[in-house]
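Chain by chain, the residues:
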Amino acid sequence: MSKVLVIEDDEMLNAGLCYNLQKKQIEVKEAYSLADARRILEQGHYDLALLDVNLPDGDGFSFARELEEQYHLPFIFLTAHNLDEEVLYGFKLGADEYITKPFNIKIVMERIQAVLRRLRIQDAENEKKQYVCGSLAIDFEQRTVWKKGELLSLTPTEYNLLEFFCKNRGQVLTKELLLENIWDSKGNYVNEHALTLNISRLRSKIEEEEESYIKTIYGMGYQWIGGERKK
């Protein structure tokens, strides 16, 4: 379920937006000022913000930069500011939509849902290219791995193992399956000892004292558990 934060000081309009969003099976939270919005955003993640420009403790144009830089939260302007230069400025600030008042609530709901769909597609595409878990950040396009912000030096085999684990996370991968996909697919043959050795080296580079990434399933193989806290 998508989560939307409605930042609008007009109580009736805020309530109407929240009501209609809930009818679309969207989880909503209302904020009537920038202070409300900051407090709510510190408490949890949201997928999208609906942002008025004229607010009692500041303006939405200025707050938009905060949403972008600090909270990395997509937003839609919902405002009475309808001059062409204001609309253009709103998009330059990074808005996904700019909706001027007065508006048709049915059309607004469709435009909000269209933005949410687009964001979900973008998230899915980014997940195929990048993966973050625990202290690790992996860029599948660049074939690079970062640990706590520092670039790790992995051999091609270690990286291939890591990528295969990440893309099959949660699954128990047998030794035979790993050997087939990491080595045999390239026409090479190695034994289980080489597999065990490479996994051991990979573990030593990615694991922390308090975090575990690769679990040994005795008698079966291995499983990616992605930064699980060690007991």
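A brief structural summary.

What counts as what
Residues numbered from 1 in each chain as written. Predicted model: local features only at pLDDT ≥ 70, side-chain atom pairs only at ≥ 80, totals over all residues. Heavy atoms only, no water. Helix = DSSP H or I, 4+ residues; strand = E, 2+ residues; numbered from the N terminus. Rg over C-alpha atoms; globule rule 2.2 N^0.38 Å. Buried < 20%, exposed > 50% of the residue type's maximum accessible area, 1.4 Å probe, protein only. Contact = heavy atoms within 4.5 Å. Areas by Shrake-Rupley, 256 points an atom, 1.4 Å probe, with all protein chains shown as cover. Pairing = 2+ DSSP bridges. Axes fitted to C-alpha atoms, helices over the stretch in contact; angles between N-to-C directions. Salt bridge = Lys/Arg side-chain N within 4 Å of Asp/Glu carboxyl O. Polar contact = N/O pair within 3.5 Å; in protein donor to acceptor, adjacent residues only side chain to side chain. Phe/Tyr/Trp six-rings, centres within 6.5 Å; stacked < 30°, edge-to-face > 60°. Lys NZ or Arg CZ within 6 Å of the ring centre and 35° of its normal.

## Considering the overall build of the chain
Scanning the chain from terminus to terminus reveals 8 helices and 14 strands. Here the chain has a C-alpha radius of gyration of 24 Å; the compact-globule value for 231 residues is 17 Å, and the former is much larger. Counting only C-alpha atoms and orienting by the principal axes, one finds that the chain spans roughly 70 × 30 × 30 Å. Taken over 231 residues, the chain has a buried fraction of 43%. In the chain, once contacts between residues fewer than 6 apart in sequence are set aside, the share between residues at least 24 apart is 51%. Working note: accessible area of the chain is about 13200 Å², and carbon and sulfur atoms make up 48% of it.

## A look at the sheet that holds strand S3 (residues 48-51)
Pairing in this open sheet of 5 strands is parallel, and the strands run S2-S1-S3-S6-S7 from one edge to the other. Each having just a single partner strand, strand S2 (27-31) and strand S7 (97-100) make up the two edges of the open sheet. Taking the axes of each pair of neighbouring strands and ignoring which way they run, one obtains an average angle of 20° across the sheet. Where S3 lies against strand S6 (residues 75-79), 3 bridges are found, and the strand directions are parallel. Across the sheet, Ala49 pairs through a bridge with Phe75, a residue of S6. Taken strand by strand, helix H2 (residues 34-41) contacts strand S1 (3-7) and S2, and its axis lies near 140° from that of S2. Across the sheet, helix H3 (residues 60-71) lies against S1, S3, S6 and S7, angled at about 170° from S6, the strand it touches most.

## A few points about the sheet that holds strand S9 (residues 136-139)
Read across the sheet, 4 strands follow the order S8-S9-S10-S11 without closing on themselves; strand pairing throughout is antiparallel. A strand with exactly one partner marks an edge of an open sheet, and here the two such strands are strand S8 (130-133) and strand S11 (150-151). Bridging between S8 and S9 involves 4 bridges; their strand directions are antiparallel. By the bridge assignment for S9, Val132 is matched with Ala137.

## Quick look at the pattern of salt bridges
Throughout the structure, instances matching the rule amount to 12 salt bridges. A salt bridge links Lys167 to Glu163; its shortest N-O distance comes to 2.8 Å. Its salt-bridge partner being Lys175, residue Glu192 comes within 3.7 Å of it at the nearest N-O pair. Of the two residues, Glu192 is situated in helix H8 (residues 192-206) and Lys175 in helix H7 (residues 175-182); the sequence distance between them amounts to 17 residues. For Glu192, a relative accessible area of 36% translates into the label partly exposed. What emerges from the salt-bridge pattern is a single network uniting Glu8, Asp52 and Lys101.

## Comments concerning the side chain of Glu211
Topologically, Glu211 is positioned in strand S13 (residues 211-217). For Glu211, the side chain forms a polar contact with the side chain of Ser135, separated by 3.0 Å. In this structure the side chain of Glu211 is engaged in a polar contact, spanning 2.8 Å, whose partner is the side chain of Tyr213.

## Quick word on the packing of aromatic side chains
Evaluation of the coordinates by the stated rule reveals 7 aromatic pairs. Ring geometry for Phe75 against Phe77: centres 5.3 Å apart, planes inclined by 75°, an arrangement best described as edge-to-face. Judged on exposure class, the residue Phe75 and its partner Phe77 are both buried. Consider the rings of Phe77 and Tyr98, whose centres lie 5.6 Å apart with planes at 55°: the pair is tilted. Note that Phe77 is positioned in strand S6 and Tyr98 in strand S7, a separation of 21 residues in sequence. The pair Phe77 / Tyr98 is uniform in exposure class, with both members buried. Between the NZ or CZ atom of Arg169 and the centre of the ring of Tyr131, over which it lies, the distance is 4.2 Å.

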